[in-house]
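Structural overview
Okay, here's what each chain looks like letter by letter:
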Number of protein chains: 2
Amino acid sequence: MSIYRETAIILDHGEGGAATNRLVQNLFFKHLGAPTVPEDATIVPGNDRLAITTDSFVVRPAEFPGGNIGKLAVCGTVNDLAVMGAKPVYLTAGYILEEGLSLEILERIVIAMAQTAREAGVSIIAGDTKVVGKGDADGIFINTTGVGFVPADRNLSSASVKPGDAIIVSGTIAEHGIAVMVARESFGISGDLQSDCQPLADLAEALIAVVPQVRCMRDPTRGGVATTLLEIATASNVGMILNEMAIPLRRPVRAACDLLGIDPLYVACEGRFLAIVPDELKEEALLALRRHPRGKNASIIGQAVVSPKGVHLETINGGERPLIALEGAQLPRIC
Amino acid sequence: MSIYRETAIILDHGEGGAATNRLVQNLFFKHLGAPTVPEDATIVPGNDRLAITTDSFVVRPAEFPGGNIGKLAVCGTVNDLAVMGAKPVYLTAGYILEEGLSLEILERIVIAMAQTAREAGVSIIAGDTKVVGKGDADGIFINTTGVGFVPADRNLSSASVKPGDAIIVSGTIAEHGIAVMVARESFGISGDLQSDCQPLADLAEALIAVVPQVRCMRDPTRGGVATTLLEIATASNVGMILNEMAIPLRRPVRAACDLLGIDPLYVACEGRFLAIVPDELKEEALLALRRHPRGKNASIIGQAVVSPKGVHLETINGGERPLIALEGAQLPRIC
């Protein structure tokens, strides 16, 4: 890249002097804009509540089918705000770069952040860059922190689920984790495996507009659908019964899971949410999601119950098995 | 540590399952409290402006005389808000941990964060933990993002400095960078070298209360006093003349700088700020700082001028030299 004297990250890029300035001006500001908050946008809406969330991203490889760590870092944080019922407004971005990281890769990552931020309607208003020596990090880590506002009349909570409520997933599951895993290790699997990574704020708003009574939404990232539902079930002191047949799963993802011996219910999504709604509103909710391009494979996958507690899966072959909390992960470093 | 099954970080601690939950409950929540925002505190003040800043910390070693990466991560971000004239309110904390990191060290770091946050009057309201494999990071990296509010009538800006204005530093300089450097490399230097790392929000408020006309404040972290003043001089299109004799520098720090061939004006402070005030208010400003325990060594170190542009140092022996922007750092990974 001719605009730099360098083609890869050097330690000086992280030290706040002329080299840092060059990197920030010629790469970060070029694509993300300088981090100045427009004066009128900083006035905080009257009675809305502030929502804040933070996430660090360490995915390996940094680029994978369907996205890269930059796109993921925007989606992950925007989606955490969206499922709280917040309208995402601002993001910050903190980069930890390893000496030797290619500036070409870094630029692709920053371009993806800029595009995804535009798509999600958020401004990246503050940034920070640190560089560590070769071997002291693994290419690139990104922290994004998101700030949004929850309209005064919204109160989504994982503790508000009632027996009888319907459990909806906004699309096909397990695609992000499997795409990253296969990109990292290959295993000789090819197939059409793409991350589902996408921002969900507009889809969440589309649902709330039609069904403001939605109890809660959650994005099933680390730990997947099973772990996320276990957390909600515990918080609300209910049980949940899932219908395996209703869980949307693309054929190549199912094949890869079978081959690797991985349960897709524990694999991370980065562009899906779970929504729990009162039973009598489930069809309206499903329609609201399916009408939206990001929710066209939405499906009602289960129901909250008084007992048994925990989360149980009614399997395709008529059996039933409990979904338990895993000690750790099947797939490390997928986000 | 008997409350864990482990004595060091394992990959599963970062994967969102039972091991993560154990770490979060038994270590992070134990010291920092669970990240629930008290409902009444989330209402955003009417006409105040939101201030947001982010910083990642990669200091090596993670523990150094006068602090550790946890204390530093709180101070660094609180101080970035304070010098904007914002009252710091919330922090988020994102941890990237290397497999094998001692839980004892991690606990000391988290305890320091909790203590420093209390001292600074901020709540840590969101957190995230990722774990990467051995060799994929260097012990621990922490991102902190801070949210604060700038009262409607405050407008501090690096671009508002006028010729004639006085330049004040809130205390002795270069202590953080030198303390970390010596802790890392030893060099056979002993001496009383302690980081100056401390939160400055109360000191900044004490100054503004007495001299609301303060033009701007900045904390001279990476790149030190020289780099920070160069940025302000450029933004305000003024020159600056510094008086070397007036710059407060502790004897052991001066000795270490001489020995290592390092210019203390380029060494990071983490518990000092530069304040630029109208000339006629400089004595009130100085007194306001010196009355406060965190500002008792404050000193007027120079003046803004029409020309020459840039920053010039009048040396102790009567000479003058320009302070120029460095390409990178004299001391990598000090924050």
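Residues numbered from 1 in each chain as written. Chains lettered and ligands numbered in written order. Predicted model: local features only at pLDDT ≥ 70, side-chain atom pairs only at ≥ 80, totals over all residues. Heavy atoms only, no water.

1. Let's talk about the pairing of strand β5 (residues 123-132) of chain B
All names here are of chain B. Most of β5 is tucked away: eight of the ten residues are buried. Relative to β5, strand β4 (residues 87-98) runs parallel, the two being bridged by nine bridges. Residue pairing in the sheet places Leu-91 in a bridge with Ile-124 of β5. Taken together, β4, helix α3 (residues 103-120) and β5 constitute a β-α-β crossover, and its handedness is right-handed. (Buried < 20%, exposed > 50% of the residue type's maximum accessible area, 1.4 Å probe, protein only. Helix = DSSP H or I, 4+ residues; strand = E, 2+ residues; numbered from the N terminus. Pairing = 2+ DSSP bridges. Right-handed = clockwise from strand over helix to strand, strands pointing away.)

2. Structural notes on the environment of Gly-94 of chain A
Summarising the element assignment, Gly-94 of chain A is placed in strand β4 (residues 87-98). Its relative accessible area of 1% is what places Gly-94 of chain A among the buried residues. Separated by 184 residues in the primary sequence, Gly-94 of chain A and Pro-278 of chain A have C-alpha atoms spaced 39 Å apart. Beyond its immediate stretch of four places on either side in the chain, Gly-94 of chain A contacts Asp-128, Phe-141, Ile-142 and Asn-143 of chain A together with Ser-56 and Asn-143 of chain B. (Contact = heavy atoms within 4.5 Å.)

3. Focus: the pattern of salt bridges
All names here are of chain B. Taken as a whole, this structure holds 42 salt bridges over all chains when the rule is applied. With a shortest N-O distance of 3.0 Å, Lys-130 and Asp-128 are connected by a salt bridge. A relative accessible area of 6% places Asp-128 in the buried class. A salt bridge links Arg-218 to Glu-231, with the nearest nitrogen and oxygen atoms 2.6 Å apart. Here Arg-218, found in strand β8 (residues 216-218), pairs with Glu-231, found in helix α6 (residues 224-236); they are 13 residues apart in sequence, far enough to count as distant. Overall, Glu-231 belongs to the partly exposed group, its relative accessible area being 37%. (Salt bridge = Lys/Arg side-chain N within 4 Å of Asp/Glu carboxyl O.)

4. Points about α6 of chain B
Helical geometry: 3.6 residues make up each α-helical turn, so side chains three or four residues apart lie on a common side. Residues and elements named next belong to chain B. Over its 13 residues, α6 extends 19 Å from the first C-alpha to the last, a length consistent with the 18 Å expected when each residue adds 1.5 Å. The element α6 is largely enclosed, with a buried count of ten among its 13 residues. Those residues of α6 not exposed but buried are Gly-224, Val-225, Ala-226, Thr-227, Thr-228, Leu-229, Leu-230, Ile-232, Ala-233 and Ser-236. Where α6 terminates, the next one or two residues include Asn-237, which has phi positive at roughly 55°. (Expected span 1.5 Å × (residues − 1).)

5. Notes on the interface of chain A and chain B
With 60 residues of chain A at the interface, the matching set in chain B holds 60 residues. Interface area, chain A with chain B, both sides summed: about 4,600 Å², of which 57% is carbon and sulfur. Per-residue buried area on chain A facing chain B is highest for Glu-15, Arg-222 and Glu-327 of chain A; these three make up 15% of the total on that side. Between the two partners, chain A and chain B, sit eight salt bridges. One can count 21 residue pairs in polar contact (both at pLDDT 80 or more) joining chain A with chain B. Looking at the side of chain A that touches chain B, the elements with two or more residues in it are α1 (18-32), β1 (49-57), β4, β5 (123-132), β6 (140-150) and α6 (224-236) of chain A. (Buried area = accessible area lost by both parts, 1.4 Å probe. Polar contact = N/O pair within 3.5 Å; in protein donor to acceptor, adjacent residues only side chain to side chain.)

6. Description of the environment of Phe-64 of chain B
Residues and elements named next belong to chain B. With respect to the element layout, Phe-64 can be found in strand β2 (residues 63-64). You can call Phe-64 buried: its relative accessible area is 6%. In this structure, the C-alpha to C-alpha distance between Phe-64 and Leu-193, residues 129 residues apart in sequence, is 9.8 Å. Once residues lying within four places of it in the same chain are set aside, the contact partners of Phe-64 are Val-59, Ile-69, Leu-72, His-176, Val-180, Ala-183 and Ser-195.

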